[in-house]
Amino acid sequence: MIKTELYELQCPQLFVQFKWHLLQAKKTGNRIRFYYSDAQDMTDVFKYLTLHHYSYTQSTTSQLFIEVNADYV
């Protein structure tokens, strides 16, 4: 599994970095986990995942992350 932190980023850089890391994970068929903070707007990320039919899970703990099955699509 690939792990990447998006803590410091804001849109549109956050969205661009998210898509780039997702593409890298997809090339290798890995799952990827994106860590983010409460203050970040992840709306575009969730819309993108839904629109492109990615299988993902969202954390329900205090540490926020999205885990995406990059080989799913």
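Keep in mind it's a predicted model, so treat the numbers as computed, not measured. (Residues numbered from 1 in each chain as written. Predicted model: local features only at pLDDT ≥ 70, side-chain atom pairs only at ≥ 80, totals over all residues. Heavy atoms only, no water.)

1. A closer look at the environment of E8
Along the chain, E8 falls in the loop between β1 (2-5) and α1 (13-28). Among the residues examined, E8 registers a relative accessible area of 76% and is labelled exposed. As a C-alpha pair, E8 and Y56 span 48 residues in sequence and 22 Å in three-dimensional space. (Helix = DSSP H or I, 4+ residues; strand = E, 2+ residues; numbered from the N terminus. Buried < 20%, exposed > 50% of the residue type's maximum accessible area, 1.4 Å probe, protein only.)

2. A short note on the packing of α1 against helix α2 (residues 43-51)
Packing of α1 against α2 leaves a shortest axis separation of 9 Å and a crossing angle of 35°. Judged by the twist between their axes, the crossing of α1 over α2 is right-handed. Of α2, the residues touching α1 (which contributes L14, F15, F18, K19 and L22) are D44, V45, Y48 and L49. Residue composition of the contact of α1 with α2, by class: 7 nonpolar, no polar and 2 charged. (Axes fitted to C-alpha atoms, helices over the stretch in contact; angles between N-to-C directions. Left-handed = near helix turned anticlockwise from the far one by under 90°. Contact = heavy atoms within 4.5 Å. Nonpolar A, V, L, I, M, F, W, Y, C, P; charged D, E, K, R; others polar.)

3. Comments concerning the pairing of strand β4 (residues 65-69)
Among the 5 residues of β4, 4 are classified as buried, and the element is accordingly described as predominantly covered. Bridge analysis of strand β2 (residues 31-35) against β4 gives 5 bridges, and the strand direction is antiparallel. Each bridged residue has a counterpart across the sheet, and for Y35 the counterpart in β4 is F65. Note that strand β3 (residues 55-58) and β4 share 4 bridges and pair antiparallel. Within the sheet, the bridge partner assigned to Y56 lies in β4 and is V68. Counted between consecutive antiparallel strands, the loop separating β3 from β4 contains 6 residues. (Pairing = 2+ DSSP bridges.)

4. Let's talk about unusual backbone geometry
The bulk of non-glycine residues show a negative phi, and the bulk of peptide bonds are trans. Of note, the phi angle at H53 is positive, near 60°, even though the residue is not glycine. Secondary-structure assignment places H53 in the loop between α2 and β3.

5. Some points on the side chain of E67
Structurally, the position occupied by E67 is in strand β4. Polar side-chain contacts of E67 include one of 2.6 Å to the side chain of R31. Of the polar contacts made by the side chain of E67, one reaches the side chain of R33; its length is 2.5 Å. Once you skip the residues sitting within four places of it in the chain, E67 turns out to touch M1, R31, I32, R33, S55, Y56 and T57. (Polar contact = N/O pair within 3.5 Å; in protein donor to acceptor, adjacent residues only side chain to side chain.)

Everything listed here is a matter of geometry and, on its own, says nothing about what the molecule does.
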